[in-house]
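# Notes for the structure review
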Amino acid sequence: MKKSKKKKRNEGLGFVRVIIVVIVLAALMIGFYYYISHMDKKGAEDEVTITKSQQVLMRNLDANYPATPKEVIKYYCEIIQCFYNETHTEEEVEALATKIRGLYDADLIANQDEESYLESVKVDILSMAGNGMTVSSYGLPSSTDVEYFSKDGREWAKMYCNLNLRQETKMFNTIEQFLLRKDENGRWKIYGWKLID
């Protein structure tokens with residue numbers, strides 16, 4: 001009789017232990033779920049918006065240079081949009097100017113020292129802003145519309161780009177012709193451009 005009471009008591013204690021373990025596990029699971037769900041909300045609150053200029057500046061041209069003339073002009077247009085569509089600190093303008101000069105051919109860079117170039121960029125930005133103008137979009141040709149040719153032992157490419165400018169409610173369209181030359185590292189560089197009537 002004593003043994004059966006002890007056995008029942010041990011079975012009762014075992015049942016209580018199981019219930020306690022289940023409750024502890026349930027509490028841990030609820031706590032973990034609460035932690036995870038609040039961590040996601042905190043992460044969403046901590047998200048920082050990156051401006052177009054910051055995205056453009058993050059590109060490492062040494063490791064990730066545009067592979068084709070069309071991609072070079074696309075990146076050029078993205079920088080132009082940053083110049084004229086966003087407000088910048090002087091350091092950001094200088095950083096953007098350095099990025100865009102990284103797309104230029106050595107002969108084009110040699111035509112104007114860095115300080116003069118930076119001053120002309122700042123004047124252009126102020127002029128566009130003073131006239132309330134922005135670059136709303138740009139259009140690039142298809143890859144088949146890029147004209148490739150060789151001259152003086154160098155590879156060249158010529159292409160057109162449409163820039164759509166906005167001044168309040170007015171829209172303007174300009175077409176620019178770009179001439180690119182492949183450098184000694186096999187990278188397409190902007191040799192020059194002109195406005196087409």
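Residues numbered from 1 in each chain as written. Predicted model: local features only at pLDDT ≥ 70, side-chain atom pairs only at ≥ 80, totals over all residues. Heavy atoms only, no water.

### Describing the overall build of the protein chain
Scanning the protein chain from terminus to terminus reveals six helices and five strands. Mapped from its N terminus to its C terminus, the protein chain presents α and β elements in the order α-α-α-α-α-α-β-β-β-β-β. Partitioning the intrachain contacts of the protein chain with sequence separation of at least 6 by distance along the chain shows that 55% fall at a separation of at least 24. Surface exposure of the protein chain reaches about 13,600 Å², of which carbon and sulfur atoms provide 56%. (Helix = DSSP H or I, 4+ residues; strand = E, 2+ residues; numbered from the N terminus. Contact = heavy atoms within 4.5 Å. Areas by Shrake-Rupley, 256 points an atom, 1.4 Å probe, with all protein chains shown as cover.)

### Topic: the pattern of salt bridges
Under the criterion given, the structure shown has six salt bridges. A salt bridge links K122 to E90; the nearest nitrogen and oxygen atoms lie 2.9 Å apart. Of this pair, K122 sits in helix α6 (residues 114-130) while E90 sits in helix α4 (residues 90-101), and the two are 32 residues apart along the sequence. Judged by relative accessible area, K122 falls into the buried class, the value being 19%. We note a salt bridge from D107 to R181, for which the minimum N-O separation is 2.9 Å. Of the two residues, D107 sits in helix α5 (residues 106-110) while R181 sits in strand β4 (residues 170-182), which places them 74 residues apart along the sequence. In this structure, a network of salt bridges that share partners links the residues D105, D107 and R181. (Salt bridge = Lys/Arg side-chain N within 4 Å of Asp/Glu carboxyl O. Buried < 20%, exposed > 50% of the residue type's maximum accessible area, 1.4 Å probe, protein only.)

### Things to note about a nonpolar patch on the surface
A cluster of nonpolar side chains, V16, I20, V21, V24, L25 and L28, forms an exposed patch at the surface whose accessible area comes to about 530 Å². Relative to the helices and strands, V21 is located in helix α1 (residues 2-45). (Patch = residues over 30% accessible without salt bridge, like charges linked within 9 Å, V, L, I, M, F, W, Y side chains within 5 Å.)

### A closer look at the layout of surface pockets
Reported here for the largest pocket is a volume of approximately 410 Å³. Surrounding the largest pocket, 19 residues form its lining, Y76, I80, Y84, D124 and W193 being those nearest its centre. Sorting the residues of the lining of the largest pocket by element identifies α3 (69-85), α6, β3 (154-167), β4 and β5 (188-196) as the ones contributing at least two each. Looking at the lining of the largest pocket, the element that brings in the most residues is α6, giving six residues. (1 Å grid on protein atoms, 1.4 Å probe; cavity = no way out; pocket = protein on both sides within 12 Å on 5 of 7 lines; lining within 4 Å. Points joined across faces, edges and corners; volume = space filled by probe spheres on them.)

### Observations regarding the environment of N85
Residue position: N85 is located in helix α3. For N85, a relative accessible area of 35% puts it in the partly exposed group. When the C-alpha atoms of N85 and I125 are compared, they prove to be 9.2 Å apart, with 40 residues separating the residues in sequence. Non-local contacts of N85, meaning those with residues more than four positions away in its chain, are made with T134 and V135. A polar contact is formed between the side chain of N85 and the backbone oxygen of V135, at a distance of 2.7 Å. (Polar contact = N/O pair within 3.5 Å; in protein donor to acceptor, adjacent residues only side chain to side chain.)

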